[in-house]
Structures are given as structure tokens and as C-alpha cells.
Amino acid sequence: MSKSWRPATQLVHGGTLRSQYGETSEAIYLTQGFVYETSEAAEARFKGETEGFIYARYGSPTNDMFEKRMCMLEGAEDARATASGMAAVTAAILCQLKAGDHIVAARALFGSCRWVVETLAPKYGIDCTLIDGRDLANWEKAITAKTKVFFLESPTNPTLEVIDIAGVAKLANQIGAKVVVDNVFATPLFQKPLELGAHIVVYSATKHIDGQGRCLGGVVLADKEWIDENLHDYFRHTGPAMSPFNAWTLLKGIETLPLRVRQQTQNAAKIADFLAEQGKVAKVIYPGRKDHPQADIIAKQMTGGSTLVAFELKGGKEAAFALQNALDIVKISNNLGDSKSLITHPATTTHKNLTEEARAELGISPGTVRLSAGIEDTDDLIEDFARALAKVSA
């Protein structure tokens, strides 16, 4: 398999296994178990003396293809495919920690991610400190003798803050901690956390990788040593494995990832520019715009903008609801990264479980709206927003 292939080629051909029938499309192996020719062969497989599959909870040919393809794209040595993005996040964090350890996490996290570090981890004796991750000094101040993991997402959900991954990784390396990056909003096409010094990358494959609203999935990527020492046994015994059918669906989705993300990003950028000129919009946050608060960091660690746009309406929740309800093409949904343009009101959906104070800290106001741009015609989308904004009270 050529390592010099560019992403678009890797995502069509990378990691492909073919049966004796020579099928064009990857096969789906919907089996729980595998047969051994002899008892000795079974023993050798379980001892790890010979390669091969043992049980679908540990791995399967279809899942293996998806993992290998993601490794090629991400530049990782190894990966494990999980049943959902949150299964990937939880596994990546908990598999390497024990009671008494300490997590430092950026406070701007997806609601469920924040629950894992802020609520679940402490139940097992693992402390967590939430910080404003935009300032490297906050990471340094939060370090204790027990700090083992730094956790962040960049750009963040939903306000698209950007964190200096290389800077955080440098601090982590000084104390022997591991940096876990949720890279969903950037996609593996626009940001490579491992190249920036991060140790573990997680994705909700449900989002851009499937990108067509069909199935759940997640993936954890890292070097082989870390996975063997930390994730392997956790994964094997707690059972967060991805369904082979979902792995096959994601393999089909990943083939068109560059095409979809390119169009989604073009749409997002043009819609962001349009919204920035509208009098009923208080502010627009988009990683591709020069007025983004962390534009200097974006320039050095991202190769593209984003498929997401965050903006705030002057009329608060009432205006946000009026806009969303008036849209025709753009659909109201809490999902993102889909071929269809989707819009959500974070304060009442994805981040509703946070306190009003916590939402305010993250910049999520009653008027904040998150748009996930799809692959529709750009002019149709802008016209849809123009019509909807006309129905919003000034």
C-alpha cells in the first residue's frame, strides 16, 4: 500500500481487503466469531503467535479496513473503531487513567464530552479541572503532580474557538501527560493533531466521515504502543466495538469525504460572509474569516476553514427560533457534518444541560445559532437565509 498517496486516493483504496471473490466494493463480514482449522491454530491465535481475528468484539475484517483507512488519512500507527463518537471519547480518556489521576480539559466541549470529564470521571476518583483553553497559561496553571491527560476539541462546539494544539502538547510533554484531541470540527482533512504533537485523536465518525445521516460510529487513533498498553484491553473487555455493518457504511462514506467537505466548506465560508453583513446578526464566528479571534493560530495549524458557522442574532432566543422555523432548505437538527445543511440552537439542545452561567462562559447566548453547511447549491442556501431573516423581527 503506497504511503505517498494523497488523501483523496487513500480514502478510496486505503486498507482494502478482498476475499477470494475479488469484489470491487468492500465486503461486510457480519459474523461474531471465526473458525480455526485446528485446536493448535486456535491456541496460537489466542496467544498472539499468529495473526487473525478471534471475535468481532475485538475486531473484524470490515472494521479493520475502516481502521486502516483512517490511520492512513490521520497519519496514525493504529486505531480502534467504536460504536459512537462518545464511546471513542470515553475509551480514550478512561483507558489510561486510574483513581487519583487528574485531567485538565478545555471547558469549551460538547455537552456529553464535558459530562464525561466533569461528572463521570470523578465518580471513579479521577479529578478534573476545566479551564479557558484559549490561553496556554491556563493549562500550565492547572497542572498538578497527578495530571495525566489534557483534553480539548478545536475548533470547539459550538462557538468555534481554536486552541493552540502544539502549545498544549509542549506543556503535556514536559510532565509526561497525554493530549487527547477531539478533531471532529476540523476534520482530518484540515487539521492533523498528531503532527502538531497531540498523542491521541478521537472522532465521531457519525459526522463528516459518514456525512449522510445513516449510522453512528467513532474512532480512536494513536501510536501502536499507546493502544497496546492502554486501549487494547479496555476495548476488548468493555465492548464498545463498532458494528461491521456500520464500518462498511463508513467505508462508503469516507470515499467521498474530500468532495463533500470541500463543498461544505465553500458553502460555510460564503454563508458566513453573507451573515456578517446582515443587520439582525450581532456577530459571526468562522475559522476562515480574518476577524476570527484566533486567526493567527488557525493560520499555523489548519489548512482549511470549517463546515460549521456560529452566529448570534440580536433578538436572542425569539429571533433564533424565528429564523430556524422560517428556513426551508436548511433543516433543524442537532447533528452536523451532513450532506444536508443543518441548524441548531445550542442553548436549548446540545448544551441545554449546562447552567446559564456555564453557557455564558462559553459564549453561548440565547441568540447563538450553529450552522452545519451541507453540499447544496450555495446561492440557494444564501437565498434561504435571506428569506428567513426577513421574517425575523428587528
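Residues numbered from 1 in each chain as written. Predicted model: local features only at pLDDT ≥ 70, side-chain atom pairs only at ≥ 80, totals over all residues. Heavy atoms only, no water.

**Student:** Even after reading the chapter, I still don't get the overall build of the chain, so can you show me in this structure?
**Tutor:** Counting its regular elements, the chain contains 16 helices and 12 strands. Relative to its length of 394 residues, the chain is compact, with a C-alpha radius of gyration of 22 Å against a globular reference of 21 Å. Dimensions of the chain, computed from the C-alpha atoms along their principal axes, are close to 75 × 55 × 35 Å. Restricting to contacts in the chain with at least 6 residues of sequence separation, those with at least 24 account for 73%. Separation of charge centres in the chain, based on 42 positive and 47 negative side chains, amounts to 2 Å. (Helix = DSSP H or I, 4+ residues; strand = E, 2+ residues; numbered from the N terminus. Rg over C-alpha atoms; globule rule 2.2 N^0.38 Å. Contact = heavy atoms within 4.5 Å. Lys, Arg positive; Asp, Glu negative; His and termini not counted. Charge placed at Lys NZ, Arg CZ, Asp CG, Glu CD.)

**Student:** Is there a simple way to think about the state of the cysteines in this case?
**Tutor:** Cysteine pairs can be linked by a disulfide, which is a covalent bond between their two sulfur atoms. In this structure the tally under the stated criterion is 0 disulfides. Considering cysteine sulfurs only, Cys-128 is the nearest to Cys-113, which forms no disulfide, with 12 Å between them. Judged by relative accessible area, which is 24%, Cys-128 ranks as partly exposed. (Disulfide = S-S within 2.5 Å. Buried < 20%, exposed > 50% of the residue type's maximum accessible area, 1.4 Å probe, protein only.)

**Student:** I keep staring at the pattern of salt bridges and nothing clicks. Help me out?
**Tutor:** Once their charged atoms are close, side chains differing in charge can pair, the charge on each being opposite to the other. Inspection of every chain in the model, using the stated rule, returns 18 salt bridges. If you follow the salt bridges from partner to partner, you end up with Arg-107, Asp-132, Arg-134, Glu-161 and Glu-361 in one network. (Salt bridge = Lys/Arg side-chain N within 4 Å of Asp/Glu carboxyl O.)

**Student:** Help me understand the sheet that holds strand S7 (residues 218-222), please; the structure alone is not making it clear to me.
**Tutor:** Paired through their backbone hydrogen bonds, the strands of a sheet run either parallel or antiparallel. Spatially, the 7 strands line up as an open sheet ordered S1-S7-S6-S5-S4-S2-S3, and their pairing is mixed. Lying at the two open borders of the sheet, with one neighbouring strand each, are strand S1 (78-82) and strand S3 (127-131). Taken over all neighbouring pairs, the strand axes of this sheet differ in orientation by 20° on average, direction set aside. Relative to strand S4 (residues 147-153), strand S2 (residues 102-106) is paired through 4 bridges, and the arrangement is parallel. Along S4, the bridge assignment pairs Ile-103 with Val-149. Of the strands in this sheet, S2, S3, S4 and strand S5 (178-182) are in contact with helix H5 (residues 111-123), which crosses S3 at around 140°. Against the sheet, helix H7 (residues 165-175) makes contact with S4 and S5, and its axis sits at roughly 170° relative to S4, the strand it touches most. (Pairing = 2+ DSSP bridges. Axes fitted to C-alpha atoms, helices over the stretch in contact; angles between N-to-C directions.)

**Student:** Would you mind showing me how to read the pairing of strand S6 (residues 200-204) here?
**Tutor:** When a strand is regular, its side chains alternate between the sheet's two faces. The buried count for S6 comes to 5 of 5 residues, which makes it a mostly enclosed element. Neither face of S6 is left uncovered, since the one carrying Ile-200, Val-202 and Ser-204 and the one carrying Val-201 and Tyr-203 both have all their residues buried. As defined by bridge partners, S5 adjoins S6 across 3 bridges and the pair is classed as parallel. Looking at S6, one finds that Val-181 is bridged to Val-201. As defined by bridge partners, S6 adjoins S7 across 5 bridges and the pair is classed as antiparallel. Note that in S7 the partner of Val-202 across the bridge is Val-220.

**Student:** Sorry if this is basic, but what is going on with the UniProt feature "modified residue: N6-(pyridoxal phosphate)lysine" (unreviewed entry) in the chain here?
**Tutor:** Using the residue numbers shown here, the UniProt feature "modified residue: N6-(pyridoxal phosphate)lysine" (unreviewed entry) corresponds to Lys-207. Mapping Lys-207 onto the fold places it in helix H9 (residues 206-210). In this structure, Lys-207 is in contact with Val-184, Asn-335, Leu-336 and Gly-337, ignoring residues within four places of it in sequence. A polar atom in the side chain of Lys-207 sits 3.0 Å from the side chain of Ser-204. (UniProt positions renumbered as here; feature names shortened; annotations may be inferred. Polar contact = N/O pair within 3.5 Å; in protein donor to acceptor, adjacent residues only side chain to side chain.)

**Student:** Just to check I follow, could you spell out the sheet that holds strand S11 (residues 342-344) for this structure?
**Tutor:** In space, the 5 strands of this open sheet follow the order S8-S9-S12-S11-S10, with mixed pairing throughout. Since the sheet does not close on itself, it has two edges, and those belong to strand S8 (281-285) and strand S10 (331-332), each with one partner. As paired strands, S11 and strand S12 (residues 368-372) are joined by 3 bridges and run antiparallel to one another. The residue of S12 that forms the bridge with Thr-344 is Arg-370.

**Student:** Mind showing me how you'd approach a nonpolar patch on the surface here?
**Tutor:** Among the surface-exposed residues, Ile-28, Leu-30 and Phe-245 lie close enough to one another that they form a single nonpolar patch of about 290 Å² accessible area. Structurally, the position occupied by Phe-245 is in helix H11 (residues 244-255). (Patch = residues over 30% accessible without salt bridge, like charges linked within 9 Å, V, L, I, M, F, W, Y side chains within 5 Å. Areas by Shrake-Rupley, 256 points an atom, 1.4 Å probe, with all protein chains shown as cover.)

**Student:** When you look at the packing of aromatic side chains in this model, what are you seeing that I'm missing?
**Tutor:** Both the distance between ring centres and the angle between the ring planes are used here to describe each pair of aromatic rings. A complete count under the given rule lists 6 aromatic pairs for this structure. Look at Tyr-36 and Phe-46: their rings are 6.4 Å apart centre to centre, the planes differ by 65°, and that puts the pair in the edge-to-face class. Here Tyr-36, found in the loop between helix H1 (7-13) and helix H2 (39-47), pairs with Phe-46, found in helix H2; they are 10 residues apart in sequence, far enough to count as distant. Between Arg-236 and the ring centre of Tyr-58, over which it is positioned, the NZ or CZ distance is 4.2 Å. (Phe/Tyr/Trp six-rings, centres within 6.5 Å; stacked < 30°, edge-to-face > 60°. Lys NZ or Arg CZ within 6 Å of the ring centre and 35° of its normal.)

**Student:** How should the layout of surface pockets be read in this particular structure?
**Tutor:** Where empty space is left can be seen by rolling a probe of water-molecule size over the atoms. Volume-wise, the largest pocket comes out at about 1,200 Å³. If you go around the largest pocket, you meet 32 residues; those closest to its centre are Asp-64, Lys-68, Asp-78, Arg-80 and Lys-224. For the lining of the largest pocket, the secondary-structure elements that each account for two or more residues are H2, helix H3 (61-74), S1 and helix H10 (224-238). As a volume, the second largest pocket reaches approximately 440 Å³. Along the wall of the second largest pocket there are 23 residues; nearest its centre are Met-86, Phe-110, Asn-157, Ser-204 and Lys-207. (1 Å grid on protein atoms, 1.4 Å probe; cavity = no way out; pocket = protein on both sides within 12 Å on 5 of 7 lines; lining within 4 Å. Points joined across faces, edges and corners; volume = space filled by probe spheres on them.)

**Student:** So what exactly am I meant to see when it comes to unusual backbone geometry here?
**Tutor:** The omega torsion of the bond from Ser-154 to Pro-155 falls at -10°, within 30 degrees of zero and hence cis. Note that Pro-155 resides in the loop between S4 and H7. Here Asn-157 and Pro-158 are connected by a cis peptide whose omega angle stands at 5°. Phi at Leu-160 is positive, roughly 60°, even though this residue is not glycine. Turning to its location among the elements, Leu-160 is positioned in the loop between S4 and H7. Phi is positive for Thr-187, which is not a glycine, with a value near 65°. Mapped onto the elements, Thr-187 comes out in helix H8 (residues 187-190).

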